[in-house]
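Residues per chain, in single letters:
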Amino acid sequence: MKIRSIYFDKLNEMLTKLCEYIVVVVFIVMGSAILIQIVLRTMGQSLIAMEDIALFGFFWLVFLGAAVAFKTGIHVKVEFFVNWMPARVRPIIIKAANIIVIVFLMLFIWSGVLFT
């Protein structure tokens, strides 16, 4: 049982690192697409695909970046708010924040299913 836990911990760590690398690559691709589009528009030309690449790159960047931040516990807004609280109240605030995030994600998934 302990070997299985070690295996899943390693797999979890590798997937988190992979998501971090994907976020960096998507950011570079999205930034390049926007830069190319800006340069081409100043020359009177335009590529339709660059706008879509930037748009979908932004979506992937937001959702993968949020997942990595949530997994590693480095979400800036939540951490900033929690660090202002007294030490004895922090665990309650963290649990409440987790519940709010879970409810938000459930509503987000439900609205996505309805939209689809």
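First things first, this report covers the structure right here in the doc.

Rules used throughout
- Residues numbered from 1 in each chain as written.
- Predicted model: local features only at pLDDT ≥ 70, side-chain atom pairs only at ≥ 80, totals over all residues.
- Heavy atoms only, no water.
- Salt bridge = Lys/Arg side-chain N within 4 Å of Asp/Glu carboxyl O.
- Helix = DSSP H or I, 4+ residues; strand = E, 2+ residues; numbered from the N terminus.
- Buried < 20%, exposed > 50% of the residue type's maximum accessible area, 1.4 Å probe, protein only.
- Contact = heavy atoms within 4.5 Å.
- Core = buried A, V, L, I, M, F, W, Y, C linked by side-chain atoms within 4.5 Å.
- Phe/Tyr/Trp six-rings, centres within 6.5 Å; stacked < 30°, edge-to-face > 60°.
- Expected span 1.5 Å × (residues − 1).

The next thing to look at is the pattern of salt bridges. Within this structure, the stated rule accounts for two salt bridges. The partner of Glu 20 in a salt bridge is Lys 17, and the shortest N-O contact between them spans 3.5 Å. Highlighted residues: Glu 20 and Lys 17, both in helix H1 (residues 2-42), separated by three residues, approximately one helical turn. Owing to a relative accessible area of 27%, Glu 20 belongs among the partly exposed residues under this scheme. Between Arg 41 and Glu 51 there is a salt bridge; the shortest N-O distance is 3.7 Å. Of this pair, Arg 41 sits in helix H1 while Glu 51 sits in helix H2 (residues 48-72), and the two are ten residues apart along the sequence.

As a further point, take the side chain of Gln 37. Its place among the elements puts Gln 37 in helix H1. When neighbours within four sequence positions are excluded, Gln 37 is seen to be in contact with Ser 46, Leu 47 and Met 50.

The subject of this paragraph is the nonpolar core. By size, the foremost hydrophobic cluster in this structure holds six residues: Val 23, Val 26, Met 30, Ala 54, Leu 61 and Leu 64. Where this core is concerned, the elements lending two or more residues are H1 and H2. In this structure Leu 64 touches Cys 19, Ile 22 and Val 23, once residues within four positions along its chain are discounted.

For the rest of this paragraph, the subject is the packing of aromatic side chains. Applying the stated rule across the entire model yields five aromatic pairs. Centroid distance Phe 56 to Phe 59: 6.2 Å. Interplanar angle 65 degrees. Geometry classified as edge-to-face. On the criterion of helical spacing, the pair formed by Phe 56 and Phe 59 is a turn pair, its members being three residues apart in helix H2. Exposure remark for Phe 56: the relative accessible area of 49% places this residue in the partly exposed category. Assessed through its relative accessible area of 38%, Phe 59 is described here as partly exposed. Consider the rings of Phe 58 and Phe 59, whose centres lie 6.5 Å apart with planes at 50 degrees: the pair is tilted.

It is worth spelling out H2 at this point. Between the first and last C-alpha of H2 there are 36 Å, a value that for 25 residues agrees with the 36 Å anticipated at 1.5 Å per step. Along H2, the residues classified as buried are Met 50, Ala 54, Gly 57, Leu 61, Leu 64, Val 68 and Ala 69.

Note that Thr 16 resides in helix H1. Thr 16 gets classed as buried once you look at its relative accessible area, which sits at 14%. Those residues in contact with Thr 16 that sit more than four places away from it in its chain are Val 68, Lys 71 and Thr 72.

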